[in-house]
Amino acid sequence: MHETTTLLIEVGALLFLLGLLGRLSRRFGVSPIPLYLIAGLAFGHGGVLELNASEEFFAVGAEIGVILLLVMLGLEYSANELVGNLRSAAPAGLIDALLNALPGFAFALLLGWGWVAAVVLGGITWISSSGVIAKVLNDLGRVGNRETPVILSVLVIEDLAMALYLPLVTALLAGVGLVKGGISLAVAVLTVAVVLVVAIRYGRLISTAMSAKDPEALLLGVLGLTLLVAGIAAKLQVSAAVGAFLVGIALSGPVAHHATELLSPLRDLFAAVFFVFFGLVTDPRDMPPVLLPALALAVVTMGTKLLTGYLAARRVGIAEPGRWRAGFALMPRGEFSIVIAGLAVAAGTVEPKLAALATAYVLITVVTGPMLARLPDMAWFKAWLRRRAVVRRPEPVAATD
């Protein structure tokens, strides 16, 4: 009973604080994500006041937060749009992997950590945070923008690639044989293919099984189905985020519209929990020794993400403001980067400083990324784009006799 009482007090106090921080951030017109992270750091391991009883609650809530963020994004798009975007964004996905994985890979080798640690750090710098980016797009009102499908396509390609990367890196860390590693990879590929086929071919049947006229049944049905598919995907070593996103695109029509309205408050609650938990499990004392290397790596790879988004949006004919918005939006790293670092730490076969470096790196990108994402909407940035357009516009050719 005492433990339950302590849990209620800790969770209630922290959620109330988040409400105040959210209101404060919106009053000043900034994203609340950095404030949520700082709150987590203040009350987590090594913080001002460590909250122990509520950590397990926030761990589960953080998982649900990422799942809800991705299913809500999926509800905005149809299965046909997803397939079309994936086909058109395949080259961008390749560019994304090369530009963002190679710096991390090279950085680990320069530090003398070995090629296995290099593969791990390459994954950490490659993958953008679907959860953070989904929250930023929603906060800035960009879900309906023309460049948003491009951003989502890059994220989905990354998440699908993680379904192949995670079993591979797990096998490398464990030192298992080629056969066992190949089996894990084959299971991951098969699972992704099955989920895609079900979402695209039988999505309408899933929608007809739910009623948009009964809000309570619809909420329970959509939430239950999303958690179920996400859990099965994670059990099969496939991203839970991919499973949730595909549930969202499988739903259509009035069901998708009403589900969006019903899930929005839950998404906001658990998304805040996700960012707080990220701070709670980070010990600020571990970061000072690796802060400068993490900052250098963050500057380089935030620049490569900016280039990735810009090139991906240009390929599909997005105007220059949208290209910059796409590039800045892709900068934050988050949940997958921490998962990859966690696998390496659990294996105990790579450089111990990798975890601290990854944590500092993710915090830098996840705090500065949402702030930089606002730059394309600022008056001075728009004026700079207009000046660029004038300079690049060709001069009219004078008529000759």
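The structure contained in this document is the topic of the report that follows. (Residues numbered from 1 in each chain as written. Predicted model: local features only at pLDDT ≥ 70, side-chain atom pairs only at ≥ 80, totals over all residues. Heavy atoms only, no water.)

**Here we look at the overall build of the protein chain**
Just so we agree on the cut-off: Going along the chain from the N terminus, every DSSP run of H or I of four or more residues is numbered as a helix, and every run of E of two or more is numbered as a strand. Here the term buried applies to any residue with accessible area under 20% of the maximum for its type, exposed to any over 50%, and partly exposed to those in between, with areas from a 1.4 Å probe on protein chains only. Here, residues are in contact when the closest pair of their heavy atoms is within 4.5 Å. Residue exposure ignores everything except the shown protein chains as possible cover, and the areas themselves are Shrake-Rupley values with a 1.4 Å probe.
In terms of regular secondary structure, the protein chain is built from 17 helices and zero strands. When the 401 residues of the protein chain are sorted by exposure, 50% land in the buried category. Pairs at least 24 residues apart make up 82% of the contacts formed inside the protein chain by residues separated by at least 6 positions. Surface exposure of the protein chain reaches about 18800 Å², of which carbon and sulfur atoms provide 69%.

**Description of the environment of I33**
Residue position: I33 is located in helix 2 (residues 33–43). With 239 residues separating them along the chain, I33 and A272 place their C-alpha atoms 7.6 Å apart. Discounting residues that sit within four places of it in the chain, I33 has contacts with V132, K135, V136, F275, V366 and P370.

**Quick look at a nonpolar patch on the surface**
As a reminder of what qualifies: To count toward a patch, a residue needs a relative accessible area above 30% and no salt bridge. Like charges then connect within 9 Å, nonpolar side chains (Val, Leu, Ile, Met, Phe, Trp, Tyr) within 5 Å. Each reported salt bridge corresponds to a side-chain nitrogen of Lys or Arg within 4 Å of a carboxyl oxygen of Asp or Glu.
Together, L190, V194, V197, V198, Y202 and L205 give the surface a local cluster of nonpolar side chains, amounting to about 540 Å² of exposed area. If you tally residues by element for the nonpolar patch, the top one is helix 8 (residues 178–201), at four residues. Residue position: V198 is located in helix 8. The partly exposed category is assigned to V198, whose relative accessible area is 37%.

**With respect to the packing of helix 10 (residues 215–235) against helix 11 (residues 240–250)**
To keep it simple, the criterion reads: Under this scheme, a helix contributes an axis fitted over its contacting stretch, all axes are lines through C-alpha atoms, and angles between N-to-C directions fall in the 0 to 180 degree range. Rotating anticlockwise by less than a right angle from the far helix to the near helix defines a left-handed crossing, while the corresponding clockwise rotation defines a right-handed one. Only Asp, Glu, Lys and Arg are considered charged, only Ala, Val, Leu, Ile, Met, Phe, Trp, Tyr, Cys and Pro nonpolar, and every remaining residue, Gly among them, polar.
Relative orientation of the contacting elements helix 10 and helix 11 amounts to 145°, with a least axis distance of 7 Å. Crossing angle aside, the handedness with which helix 10 passes helix 11 is right-handed. Between helix 10 and helix 11, the contacting residues are L225, T226, V229, A230, A233 and A234 on the first element and A240, G243, A244 and V247 on the second. For the contact of helix 10 with helix 11, a count of residues per class yields eight nonpolar, two polar and no charged.

**As for helix 13 (residues 291–315)**
The criterion, for reference: Expected helix span is computed as 1.5 Å times (number of residues minus one).
Taking 1.5 Å of rise per residue, the 25 residues of helix 13 would be expected to cover 36 Å, and the 36 Å separating its terminal C-alpha atoms lies within 8% of that figure. A positive phi of about 85° marks G317, the residue just after helix 13.

**Quick notes on the packing of aromatic side chains**
For clarity, the cut-off: Centres within 6.5 Å are what make two rings of Phe, Tyr or Trp a pair, Trp counting through its six-membered ring; a difference in plane orientation under 30 degrees is then read as stacked, over 60 as edge-to-face, and the rest as tilted.
According to the stated counting rule, one finds nine aromatic pairs in the structure shown. Between W126 and Y165 the ring centres are 6.4 Å apart and the planes differ by 85°, which places this aromatic pair in the edge-to-face class. Here W126, found in helix 5 (residues 115–126), pairs with Y165, found in helix 7 (residues 148–174); they are 39 residues apart in sequence, far enough to count as distant. For Y165, a relative accessible area of 10% puts it in the buried group. Among the aromatic residues, ring-to-ring pairing joins Y310, W324, F328, W380, F381 and W384 into one connected group.

**Overview of the packing of helix 13 against helix 16 (residues 353–372)**
The condition that has to hold: In these notes the angle categories are as follows: under 35 degrees is roughly parallel, over 145 is roughly antiparallel, 65 to 115 is roughly perpendicular, and the rest is oblique.
The interhelical angle for the contact between helix 13 and helix 16, taken along N-to-C directions, is 45°, at an axis separation of 9 Å. Taken as axis vectors, helix 13 and helix 16 run oblique relative to one another. The handedness of the crossing between helix 13 and helix 16 comes out as right-handed. Counting all contacts with helix 13, which are made through L291, P293, A294, L295, L297, A298, T301 and M302, the residues of helix 16 involved are L357, A360, Y361, I364, T365, T368, G369 and L372. Residues belonging to the contact of helix 13 with helix 16 are distributed by class as follows: 12 nonpolar, four polar and no charged.

**Here we look at the pattern of salt bridges**
Under the defined criterion, the tally for this structure stands at seven salt bridges. A salt bridge links E147 to R325, with the shortest nitrogen-to-oxygen separation between them at 2.9 Å. Remark: R325 occurs in helix 14 (residues 320–329) and E147 occurs in the loop between helix 6 (130–139) and helix 7; sequence separation between them is 178 residues. In this structure, K305 engages E158 in a salt bridge whose closest nitrogen and oxygen atoms are separated by 2.5 Å. Residue K305 is located in helix 13, and its partner E158 is located in helix 7; the two are separated by 147 residues in the primary sequence.

**Some remarks on the environment of V350**
Here V350 shows up in the loop between helix 15 (335–347) and helix 16. Under the relative-accessibility criterion, V350 is labelled buried at 15%. Separated by 233 residues in sequence, V350 and A117 have C-alpha atoms that sit 5.7 Å apart. Excluding residues that lie within four positions of it along the chain, V350 makes contacts with V116, A117, L173 and A344.

**A closer look at the environment of R314**
Tracing the backbone shows R314 in helix 13. Spatially, the C-alpha atom of R314 lies 9.9 Å from that of A326, the residues being 12 residues apart in sequence.

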